[in-house]
Amino acid sequence: MSVSPGLADLSRLYQTEFVRSARAVGVLWAVCTLCFAIIQVVILVQPSWVGTTDTRTHQAGPPLPSGTMGLFEVCMESDWPVPDCRGGLSSLSPLPSFQSVAVLVGVSLWAVWTSVLCLCLFRFCSAATVYKICAWLQLTAGFCLALACLLFPDSWESPEMRVLCGDSVGSFSPGNCSVHWAYILAMMGILDYAILATLAFVLANRQDALLPPEGADVTAGLLMSA
């Protein structure tokens, strides 16, 4: 069955506009994925998950230490400009009370960086398949990060936290401390992963559903040549 020239031109115009919009949104999604993969490294290594607050200075008795704590390090303020830190990522040994949290954040980090590496598959696989693979990896990363954020307050009743935050510390009770920016950034990362995964699924479904069957191969080639 022959196709009229007008319909063929309309189909060609449709494919061109689709490729342009899909390419723009796909590039934005890929850039956001790469940016948050870098932020995920910062979340893992920074000793700023929890730290002391100013309210400790108004309490009676001897002054409590001041500092911050992460998954791998405890940093105490000293007379020197540089804080005195114990532990570190170089030993690949997280603090005993935060081992499970560090493992979950590590798995989340692996998943998001794997999704970044999967961007190279656009050269070998269909765009819909790559988007779906990345979406599931980002969902895995978000799920692991959510579990880590839930387990972290439950691990506060530990010797390291008692030294930094006082004896009033307990599970989900930070004592004389409060959560710092790294933990808040991890909480925001859960929402970010949900948005990126949803966008990846939408892009994959657009590749499968909106393109005419005979134009799928042409569109894939145009995406790669762009």
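Residues numbered from 1 in each chain as written. Predicted model: local features only at pLDDT ≥ 70, side-chain atom pairs only at ≥ 80, totals over all residues. Heavy atoms only, no water.

This part is about the overall build of the protein. Looking only at helices and strands, the protein has 6 helices and 5 strands in total. Starting at the N terminus and ending at the C terminus, the protein contains elements arranged as α-β-β-β-β-α-α-α-β-α-α. Looking at the protein as a whole, 41% of its 226 residues qualify as buried. When the accessible surface of the protein is split by element, carbon and sulfur atoms take 68% of a total near 12300 Å². (Helix = DSSP H or I, 4+ residues; strand = E, 2+ residues; numbered from the N terminus. Buried < 20%, exposed > 50% of the residue type's maximum accessible area, 1.4 Å probe, protein only. Areas by Shrake-Rupley, 256 points an atom, 1.4 Å probe, with all protein chains shown as cover.)

All right, on to the packing of helix α2 (residues 99-117) against helix α3 (residues 127-154) then. Running from N to C, α2 and α3 cross one another at 160°; their axes reach a closest spacing of 8 Å. Considering their axes alone, α2 and α3 lie roughly antiparallel with respect to each other. Helix-helix and strand crossings are classified by hand; for α2 and α3 the assignment is left-handed. Between α2, through Ser100, Val101, Leu104, Val105, Val107, Ser108, Ala111, Val112, Thr114 and Ser115, and α3, the contact on the second element is made entirely by Cys134, Leu137, Gln138, Ala141, Cys144, Leu145, Leu147, Ala148, Leu151 and Phe152. (Axes fitted to C-alpha atoms, helices over the stretch in contact; angles between N-to-C directions. Parallel < 35°, antiparallel > 145°, perpendicular 65-115°, else oblique. Left-handed = near helix turned anticlockwise from the far one by under 90°. Contact = heavy atoms within 4.5 Å.)

The next thing to look at is a nonpolar patch on the surface. A surface patch of nonpolar side chains, about 310 Å² in accessible area, is lined by Leu34, Ile38, Val41 and Trp113. If one sorts the elements of the nonpolar patch by residue count, helix α1 (residues 5-45) sits on top with 3 residues. Relative to the helices and strands, Trp113 resides in helix α2. Here Trp113 falls in the partly exposed class, since its relative accessible area comes to 30%. (Patch = residues over 30% accessible without salt bridge, like charges linked within 9 Å, V, L, I, M, F, W, Y side chains within 5 Å. Salt bridge = Lys/Arg side-chain N within 4 Å of Asp/Glu carboxyl O.)

Quick look at unusual backbone geometry now. The backbone of Phe172 shows a phi angle near 60°, a positive value even though the residue is not glycine. Of note, Phe172 is situated in the loop between α4 (159-165) and β5 (177-179). Residue classification places Phe172 among the exposed residues on the basis of a relative accessible area of 54%.

Looking now at the packing of aromatic side chains. According to the stated counting rule, one finds 9 aromatic pairs in the structure shown. Centre to centre, the rings of Phe36 and Tyr193 are 4.9 Å apart; their planes meet at 85°, and the pair counts as edge-to-face. Placement of the pair is Phe36 in helix α1 and Tyr193 in helix α5 (residues 181-209), with a sequence separation of 157 residues. Of the two residues examined, Phe36 and Tyr193, each falls in the buried class. An angle of 55° between the planes, with centres 5.8 Å apart, marks the rings of Trp49 and Tyr183 as tilted. (Phe/Tyr/Trp six-rings, centres within 6.5 Å; stacked < 30°, edge-to-face > 60°.)

With that out of the way, let us pick up the state of the cysteines. All chains considered together, the criterion is met by 1 disulfide. Sulfur of Cys32: no disulfide; nearest cysteine sulfur belongs to Cys35 and is 6.4 Å away. A relative accessible area of 32% places Cys32 in the partly exposed class. Cys118 supplies the cysteine sulfur nearest to Cys120, a cysteine that is in no disulfide, at a spacing of 8.5 Å. (Disulfide = S-S within 2.5 Å.)

This part is about the sheet that holds strand β4 (residues 84-87). The antiparallel open sheet is built from 5 strands, whose spatial order is β4-β3-β2-β1-β5. Of all the strands in the sheet, just β4 and β5 have a single pairing partner and so form its edges. Taken pair by pair, the neighbouring strands of this sheet meet at an average axis angle of 20°, ignoring direction. Two elements, strand β1 (residues 50-52) and strand β2 (residues 67-69), share 2 bridges in a ladder whose sense is antiparallel. Across the sheet, Val50 pairs through a bridge with Met69, a residue of β2. (Pairing = 2+ DSSP bridges.)

Locating Gln40 in the fold gives a position in helix α1. Residue contacts for Gln40: discarding those within four places in its chain leaves Val105, Ser108, Leu109, Val112, Leu145 and Tyr193.

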